[in-house]
Amino acid sequence: MRANSLVELDRAHLVHPLASYRGHEAAGVRVLSSAKGATVTDAEGRELLDGFAGLWCVNAGYAQQSLIDAATKQLSQLAYATGYFGLGSEPAIRLAARLAEHAPGDLNHVYFTLGGSDAVDSTIRFIRYYHHAIGKPEKDQFISVESGYHGSSTSGAGLTALPVFHTGFGVPHDWQHKIPSHYAYRNPVGSDGETIIAASVASLRAKIAELGAERVAAFYAEPIQGSGGVLVPPAGWMKAMHAVCKEHDILFVADEVITGFGRTGPLFASAEDGIVPDFITAAKGMTSGYVPMGAVFLSDRIYDTIADGAGDAPIGHGQTYSGHPVSAAVGLACLDLYENGLLDNGRMAGNRLLEGLYSLADHPLVGDVRGRGMLAAIELVTDKERKTPLPAEADAGRRIFDRAWANGLIIRAFNQGILGYAPPLCCTEEEIDTIIDRTRMTLDQTLEDKDVR
Ligand code: PMP
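Thresholds applied
- Residue positions are given per chain, counting from 1 as you read along its sequence in written order.
- Thresholds applied to this predicted model are a pLDDT of at least 70 for local features of residues and 80 or more for the giving and counting of side-chain atom pairs; totals over whole chains, interfaces and linings are not thresholded and use all residues.
- UniProt positions are given in the numbering used here, feature names are shortened, and annotations may be inferred rather than shown by experiment.
- Only the C-beta atom, placed from the backbone, is used; a residue is near a molecule or strand if that atom lies within 6 Å of it.
- Here a strand is any run of E in DSSP of at least two residues, a helix any run of H or I of at least four, and the numbering for each starts at the N terminus.
- One nonpolar core equals one set of buried Ala, Val, Leu, Ile, Met, Phe, Trp, Tyr and Cys residues connected by C-beta atoms within 7 Å.
- Working definition of burial: number of other C-beta atoms within 10 Å of the residue's own, with buried at 20 or more, exposed at 12 or fewer, and partly exposed in between, all C-beta atoms being placed from the backbone.
- Boundary definitions for the domains trace back to an automatic or database domain assignment.
- All axes are obtained by fitting lines to C-alpha atoms, using only the stretch in contact for helices, and the reported angles, taken between N-to-C directions, cover 0 to 180 degrees.
- In what follows, roughly perpendicular refers to angles from 65 to 115 degrees, roughly parallel to angles under 35, roughly antiparallel to angles over 145, and oblique to any angle outside these ranges.
- Here a crossing is taken to be left-handed if its near helix is turned anticlockwise relative to the far helix by less than a right angle, and right-handed if that turn runs clockwise.
- Our contact criterion uses C-beta atoms placed from the backbone: two residues qualify when those atoms are within 7 Å.
- When residues are sorted by character, Ala, Val, Leu, Ile, Met, Phe, Trp, Tyr, Cys and Pro go into the nonpolar class, Asp, Glu, Lys and Arg into the charged class, and all the rest, Gly among them, into the polar class.
- A strand pair is defined by DSSP finding two or more bridges across the two strands.

Named according to an unreviewed UniProt entry, the chain is Aspartate aminotransferase family protein originating from Hwanghaeella grinnelliae. Looking at the Cofactor (unreviewed entry) heading of the UniProt record, one finds this comment for the chain: "pyridoxal 5'-phosphate". If you open the UniProt record of the chain and go to Sequence similarities (unreviewed entry), you find "Belongs to the class-III pyridoxal-phosphate-dependent aminotransferase family."

A. Here's a closer look at the site of the ligand. By nearness alone, 15 residues border the ligand, and Gly115, Gly116, Ser117, Gly151 and Val257 come closest of all. The greatest single-element share of the shell around the ligand, amounting to three residues, is contributed by helix α6 (residues 116-133).

B. Examining the nonpolar core more closely. Grouped together as the largest cluster of nonpolar side chains are 123 residues, with contacts concentrated most on Ala218, Phe219, Ala295, Phe297, Val330 and Cys334. No other element matches the 15 residues that helix α12 (residues 325-358) contributes to this core. Two domains each put at least three residues into this core: domain 1 (31-64 + 340-448) and domain 2 (81-323).

C. A look at the packing of helix α5 (residues 90-102) against α12. As a packed pair, α5 and α12 sit with axes 8 Å apart at the nearest point and diverge in direction by 40 degrees. Taken together, the axes of α5 and α12 are oblique relative to one another. As α5 runs across α12, the sense of the crossing is left-handed. For the pair α5 and α12, the contacting residues are Pro91, Ala92, Arg94, Leu95 and Arg98 in the first and Pro325, Ala328, Ala329, Gly331, Leu332 and Leu335 in the second. Residue composition of the contact of α5 with α12, by class: eight nonpolar, one polar and two charged.

D. Representation of the domain arrangement of the chain in the model. The domain architecture assigned to the chain consists of domain 1 (31-64 + 340-448) and domain 2 (81-323). For domain 1 versus domain 2, the separation of C-alpha centres amounts to 27 Å. On the domain 2 side, the residues contacting the 29 residues of domain 1 number 20 residues. Put simply, the parts of the chain that give the side of domain 1 that touches domain 2 at least two residues each are α3 (53-56), α12, β11 (366-372), β12 (375-383) and β16 (418-421).

E. Just the sheet that holds strand β14 (residues 409-410), in detail. Reading across the sheet, the four strands line up as β1-β2-β3-β14 and stay open at both edges, with mixed pairing between neighbours. With partners counted over all chains shown, the strands left at the sheet margins are β1 (32-36) and β14, one partner each. Bridging between strand β3 (residues 47-50) and β14 involves two bridges; their strand directions are parallel. Looking at β14, one finds that Asp50 is bridged to Ile410.

See below:
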C-alpha cells in the first residue's frame, strides 16, 4: 500500500501514544517499513540510523535471526499457555530461573507483565499486599522523584513526575509524593556530586518525616532518569537513597525499564550501583522490543511474606499474557545474546558514543553532555553562560527531530532541547561515528535557525 494512503488511514483511525492528536493529524504519520541491525527504512525508502533503538528497547538491533527463530519455533510449538490454574510453559519457567541467576542479591522471584507500566503497577499492588500481610496497612504512602517516569497506568502515572502525564488525568493521587530530582546541570544546589547526594538525602528524610515513616510504603527511582531527559545521578546517589529507605523500613523499587539489559553496561544498573533493591521493574531490552514483555523482580523476603500472608488463598493479581511463551522464548534468546558478546559490544559502543558526544561539547549550542553506557544526552542552550533553554514556543524539539531525520538519523528530541541517545547495543564503531557526524550536521543547521535560537 502506498505511504500516502497509510497516512490517511492513520489520521482517521490510529490513536498514537503521547501525541497531540490534532498535531499528529496535521503532521501525518511517518511509516517505517523495514529494519536490519541499527538501520530502519521508511515507506519512501529512506534509510535512517536508529539512534534511539525504537523507544530505548531494540538493544539487539533489528532482524536478529536468533530472536526471529526463537519466536517462530515457539509460535508453532506452543503459541500460548496461561499461568493460571497451576499451568505454565517451559520458556517462562526457564526465563524466570535464568533472570533470577542474573539479578542482584536475592531478587529470585519474577512476575512477568506485558511491559513497563504494568510492571510498575504490579509493584504498587505487591507493596500494598505486603504491608497488609505484615499487619501494617497504614503504610500506604509512595514517594518518587521529580522528572521521573514510571509509566502511564492509572496508578503509575502518579508516580511519574512529568506534568503532561498528569494534566487532565486526575493524578497524582493523594498518596503519591515527590522529592526534587538530582538533575546536575540545573540543580539549585550546584553540580557537585556529593552536594547533590546530600541534598537528595535531606529531601527524602524531610519527606519521610513530613509523612511519618510508619506511613511510607515505598520509594521509586530510576538508576538514570530516562524520559525526564536522561538525567544521570552522581555515582553513589542510588546507594545513598537506598540506605535512607533501609533505615526507615521503606521498600525500595529500582525502575530499570530503560536501564536494565545492558543499556548502561551490565544486565542491571542496580548491580553497578551496588544495591539490592526490594523490587526491580524491567521490560524493553528483556525481549529487545521484538515482542511485548516486562517483569517485576521480588526479593525472597517480599515474596515469602506475600506467599505466607495469603496462605491457601489465591493472590488476586494476574494477566492473560503474564509469562507469554513466545515473549519468554525471545527473552531467553536475548539472554543468549547478552551473555555472548552483546553486553561487551554495548560497553565498547557506549564508550565511543560518549567520546563522540563529548567532542560536541564546544559546539555553541551544547550546554551539557551526560550519559552512562549506551544511554546519553546532550542538552542544548542558546546561551551557555546562563544555560538559557531553547525557546519553547519555537517547538525546537520537533524541528530538531525533523532535521535529524532529514539527515538520516533518529534521535529523541525532548521539548526542552535535550537530545536523547540510546542506540542498539549491537552498533559498530562506524555506526556510532555516523550518529555523531549526523548530530553535528543537525546542530550546525539548528544554529542557522533564527526561530530556534
Ligand atoms: N518505567 C520506566 C523507567 C520507563 O522508562 C518506562 C517506559 N519508557 C516505563 C516504566 C513504562 O513502560 P511501558 O511503556 O512499557 O509501559
